[in-house]
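The residues making up each chain are set out below.
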Amino acid sequence: MAKFEIKDQAIAGTLESSDLQITIDQNNGKGIEIDLQSSVEFQFGKRIREVITETLSNLEITDAKVSVVDQGALDCTIIARTIAVVHRASGVTENIDWEALESWNV
Amino acid sequence: MADIRRLFVHQQRDVYDMWVGFLNQANIRHEDNVEFVYGVFEGDQLIATGSIYQNILKCIAVCKDFTGGATLSQLISHLMSEVMDRGFKACYVYTKPDTTQSFEYLGFKEIGRVDGELVFLEKAINGFDSYLESIQQYRHEDGVSAAIVMNANPFTKGHQYLVESAAAAVDYVFVFVLSEDASAFPAAVRKQLVMAGVSHLDNVTVLDTGSYMVSSQTFPSYFLKESSDVTRIQAELDASIFKNRIAKTMNIRVRFVGEEPFSEATNIYNTALKTVLEPEVQLRIIPRKQEGDVVISATRVREHLYLNDLEFVKELVPTTTYDYLTSQAGQSLIEDIRNGGKSIGKV
């Protein structure tokens, strides 16, 4: 899989119910930092962070500052929005490597 | 699901009337200082509206039958995407204290407030905290630190005199140059000229304001009560953000301002500044410098640049600024300004 590199701030998703809005930016050498705000934080906050961290790791992103506003999104939505925002931040918006994504996202 | 459409309020009279009427029903006055206006429609019925000016959300209203969250979420999502698509990295909103929670629920964070009047919120990944972190490295623990905030459009002998006076009076001076690009001279050039003009003072540090000095350009008037004094509230908000966050982070105990003998707005501003800042931060007003019998001001410099009267300008600006104005880069910028460059006439 082509290596993703966070070049610029990007945003994906919406603030509507059952969705989440995720913003990502560089975090030079400071690892993955997630600022989460969720309507279901108490029940699912830990799981939401896990899904985002796993997805970023699958995309081989090691440094990123992430801000998330969740409105009760399902795991599949969280994964999809995270994949989208990494593609946008890396400037990859054409010729998406679906095969590579499917190798881990099944 | 309701759909969102752009409202061409400045092109279509009937759309404009509908928009103004809708806002009035929500007790909000419309503001002409908006770039894009959007409406949320349920069928043909307008149920919410919101506008954008640069990266600021303005004139937001939702029909009371649809205030449950879904409509506002849809509208704000849309406005934010529009702002980010235009390359901004942050998004701001001014709102009434009683609607602050709705915005916080959507990921906005409070920067400052004027009790009972308004709250200023930000949505950004690298927001106010990151800004404070970035300037904190220049903080001095010892001695007295002071601050000056200036637009420096462009840097004149008057600005230089103000900085020199402050630098002589206290141990350290931070000069904050407005980062907003709404002036004849771009922010990068303004900062560069300030840095050149104070380089002989070794206790002066030049910093950016980020988006955290409230400017009258972006400050909204539309939901303040008719009787409220817009300038005063703007100044109070600006002063409280400065005092509570910036001055604390930077150990600033004095703020210097230039005297503005002819500007009523500046007088109101300085009075409000004094009320909010003191006693924690002392306000000191420095009388304006005169060159012969001419009061130096950046406005006067720009007037004479329009007239191509560089000889006169030479008397009002330090050699560092004059050297820039006569350089190739400076000449082409003056040419732009004279030809109605993108931000001509704005102060």
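Note that the structure is predicted; figures quoted are calculated from it, not measured.

Definitions and limits used
- Residues numbered from 1 in each chain as written.
- Chains lettered and ligands numbered in written order.
- Predicted model: local features only at pLDDT ≥ 70, side-chain atom pairs only at ≥ 80, totals over all residues.
- Heavy atoms only, no water.
- Helix = DSSP H or I, 4+ residues; strand = E, 2+ residues; numbered from the N terminus.
- Rg over C-alpha atoms; globule rule 2.2 N^0.38 Å.
- Buried < 20%, exposed > 50% of the residue type's maximum accessible area, 1.4 Å probe, protein only.
- Areas by Shrake-Rupley, 256 points an atom, 1.4 Å probe, with all protein chains shown as cover.
- Lys, Arg positive; Asp, Glu negative; His and termini not counted.
- Charge placed at Lys NZ, Arg CZ, Asp CG, Glu CD.
- Contact = heavy atoms within 4.5 Å.
- Pairing = 2+ DSSP bridges.
- Axes fitted to C-alpha atoms, helices over the stretch in contact; angles between N-to-C directions.
- Buried area = accessible area lost by both parts, 1.4 Å probe.
- Salt bridge = Lys/Arg side-chain N within 4 Å of Asp/Glu carboxyl O.
- Polar contact = N/O pair within 3.5 Å; in protein donor to acceptor, adjacent residues only side chain to side chain.
- Core = buried A, V, L, I, M, F, W, Y, C linked by side-chain atoms within 4.5 Å.
- pLDDT = per-residue confidence, 0-100.
- Right-handed = clockwise from strand over helix to strand, strands pointing away.

A. Inspection of the overall build of chain B at higher detail. A count of helices and strands for chain B gives 12 helices and 14 strands. Since a compact globule built from 347 residues should have a radius of gyration of about 20 Å, the 22 Å found for chain B is in line with a globular shape. With the C-alpha coordinates aligned to their principal axes, the bounding extent of chain B is approximately 65 × 45 × 35 Å. The buried share of chain B, taken over its 347 residues, is 53%. Accessible surface computed for chain B: about 15700 Å², of which carbon and sulfur atoms make up 48%. Each charge sign in chain B was given a centre, from 33 positive and 45 negative side chains, and these centres are 1 Å apart.

B. Quick look at the overall build of chain A. What chain A contains, in helices and strands, is 3 helices and 4 strands. If you list the helices and strands of chain A from N to C, you get β-β-β-α-β-α-α. In terms of overall dimensions, chain A is globule-like: its C-alpha atoms have a radius of gyration of 13 Å, near the 13 Å expected for 106 residues. Dimensions of chain A, computed from C-alpha atoms along their principal axes, come out at roughly 35 × 30 × 20 Å. Partitioning the contacts of chain A with sequence separation of at least 6, the portion at a separation of at least 24 is 75%. By element, 49% of the accessible surface of chain A is carried by carbon and sulfur atoms, the whole surface being about 5600 Å². In chain A, the 9 positive side-chain charges and the 18 negative ones have mean positions that sit 5 Å from each other.

C. Looking closely at unusual backbone geometry. Residues and elements named next belong to chain B. The peptide bond linking N153 to P154 adopts the cis configuration, its omega dihedral lying at 0°. Within the fold, P154 resides in the loop between β8 (145-150) and α5 (157-169). Cis geometry is adopted by the peptide bond preceding P279, which originates at E278 and carries an omega value of 10°. Considering the arrangement of structural elements, one finds P279 in the loop between α8 (264-277) and β12 (282-286).

D. Molecular detail of the sheet that holds strand β3 (residues 32-38) of chain A. All names here are of chain A. Taken in spatial order, the 4 strands line up as β1-β2-β4-β3 in an open sheet, and their pairing is mixed. Since the sheet does not close on itself, it has two edges, and those belong to β1 (10-13) and β3, each with one partner. Between one strand axis and the next, the sheet turns through 15° on average, direction left out of account. Here β3 pairs with strand β4 (residues 64-70) via 7 bridges, running parallel. Each bridged residue has a counterpart across the sheet, and for I34 the counterpart in β4 is V66.

E. Summary view of the interface of chain A and chain B. With 18 residues of chain A in contact, the opposing surface of chain B contributes 17 residues. Together chain A and chain B conceal approximately 1500 Å² of surface at their shared face, both sides included; 49% is due to carbon and sulfur atoms. Among the residues of chain A in contact with chain B, A:Q9, A:L15 and A:E16 are the three that bury the most area, contributing 34% of the side total. Taken together, the connections running from chain A to chain B amount to 2 salt bridges. Put simply, A:D35 and B:K109 hold a salt bridge, and the shortest N to O gap is 2.7 Å. For the pair chain A and chain B, the number of links is 11 residue pairs in polar contact (both at pLDDT 80 or more). Where the side of chain A that touches chain B is concerned, the elements lending two or more residues are β2 (20-25), β3 and β4 of chain A.

F. Structural detail: the nonpolar core. Residues and elements named next belong to chain B. In this structure, W19, L57, I60, I76, L79 and F108 are the most contacted members of the largest nonpolar core, which totals 43 residues. Residue assignment for this core shows that the elements contributing at least two residues are α1 (13-25), β2 (36-42), β3 (45-53), β4 (56-62), α2 (70-85), β5 (90-95) and β7 (118-124). Looking at which element gives the most residues to this core, the answer is α2, with 7 residues.

G. Molecular detail of the sheet that holds β2(B). Residue and element names in this part refer to chain B. Ordered in space as β1-β2-β3-β4-β5-β7-β6, the 7 strands form an open sheet in which the pairing is mixed. Whereas interior strands pair on both sides, the edge strands pair on one side only; in this sheet they are β1 (3-7) and β6 (109-114). Pairs of neighbouring strands in the sheet enclose a mean axial angle of 25°, with direction left out of account. In this fold α2 packs onto β1, β2, β3, β4, β5 and β7, with an angle of close to 30° to the strand it touches most, β3.

H. Representation of the confidence of the model for chain B within the structure. Of the residues in chain B, 94% have a pLDDT of 70 or more, and the chain-wide mean is 88. Below pLDDT 50 for its whole length, residues 343-347 of chain B participates in 18 contacts with residues either more than four positions away or in separate chains.

I. Region of the structure containing the pairing of β4(B). Residues and elements named next belong to chain B. Of all 7 residues in β4, 7 are buried, a share of seventy percent or more. Bridge count for β3 against β4 is 5 bridges, and the pairing is antiparallel. Residue S51 lies in a different strand from β4, and its bridge partner there is K58. Following β3, the chain reverses through 2 residues before pairing antiparallel with β4; Q54 in that reversal takes a positive phi of roughly 50°. Note that β4 and β5 share 2 bridges and pair parallel. Bridge pairing in β5 links I56 to Y92. Crossover handedness for the path β4 to α2 to β5: right-handed.

J. Fine view of the environment of B:Q54. Residue and element names in this part refer to chain B. Relative to the assigned elements, Q54 resides in the loop between β3 and β4. We classify Q54 as partly exposed; its relative accessible area is 22%. Distance from Q54 to V83, taken between C-alpha atoms, is 7.2 Å for residues 29 residues apart in sequence. Not counting residues up to four positions away in its chain, the partners in contact with Q54 are E35, V83 and F88.

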